[in-house]
Amino acid sequence: ALATLASSAPGDIYVSGRFDDKVNLFSVATGAFISVGAQGGGLDNPVGVTMGPDWRLYVCSGLTNQIMRFNIANG
């Protein structure tokens, strides 16, 4: 499933928000919250997140037992 994802800059990090069904974007340099990075598309209890070689964000949706793919190139 593809869903909305915020753009990131070098040095930013995506963190799964396990109980709010979102992946949040933070600045590594300052630790500040930037935005909600990904949500929707059936994402339920995200428990892991990684950037794939195709520049898509892959998120494990814990309660649905799915790996979800989010496109960061075009949101």
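I will try to describe carefully the structure that is included in this document.

Reading the values: the criteria
Residues numbered from 1 in each chain as written. Predicted model: local features only at pLDDT ≥ 70, side-chain atom pairs only at ≥ 80, totals over all residues. Heavy atoms only, no water. Helix = DSSP H or I, 4+ residues; strand = E, 2+ residues; numbered from the N terminus. Pairing = 2+ DSSP bridges. Axes fitted to C-alpha atoms, helices over the stretch in contact; angles between N-to-C directions.

1. Notes on the environment of valine 36
1) Next: Locating valine 36 in the fold gives a position in strand S3 (residues 33-39).
2) Next: The spatial distance from the C-alpha of valine 36 to the C-alpha of leucine 25 is 5.9 Å, given a sequence separation of 11 residues.

2. Quick notes on the sheet that holds strand S4 (residues 46-51)
1) Next: Strand order in the open sheet formed by 3 strands is S4-S5-S6, and the pairing between neighbours is antiparallel. In this open sheet, the two strands that pair with only one neighbour each are S4 and strand S6 (66-71). Taken over all neighbouring pairs, the strand axes of this sheet differ in orientation by 25 degrees on average, direction set aside.

3. Observations regarding the sheet that holds S3
Whenever strands of a sheet pair, they do so through backbone hydrogen bonds, lying parallel or antiparallel.
1) Next: Spatial strand order, S1-S2-S3: 3 strands in an open sheet with antiparallel pairing. The open sheet has two edge strands, strand S1 (12-17) and S3, and neither has a second partner. Taking each pair of neighbouring strands and ignoring which way they run, the sheet shows an average axis angle of 30 degrees.
2) Next: With 5 bridges joining them, strand S2 (residues 22-27) and S3 adopt antiparallel strand pairing. If you follow phenylalanine 26 over to S3, its bridge partner there is phenylalanine 33.

4. Here's the deal with the pairing of S6
1) Next: Where strand S5 (residues 56-61) meets S6, 6 bridges bridge the pair, whose relative direction is antiparallel. When the sheet's bridge partners are listed, valine 59 is paired in S6 with methionine 68.
2) Next: Taking the residues between adjacent antiparallel strands as the criterion, S5 and S6 are bridged by 4 residues, where asparagine 65 takes a positive phi near 55 degrees.

Everything listed here is a matter of coordinates, which is why it stays silent on function.
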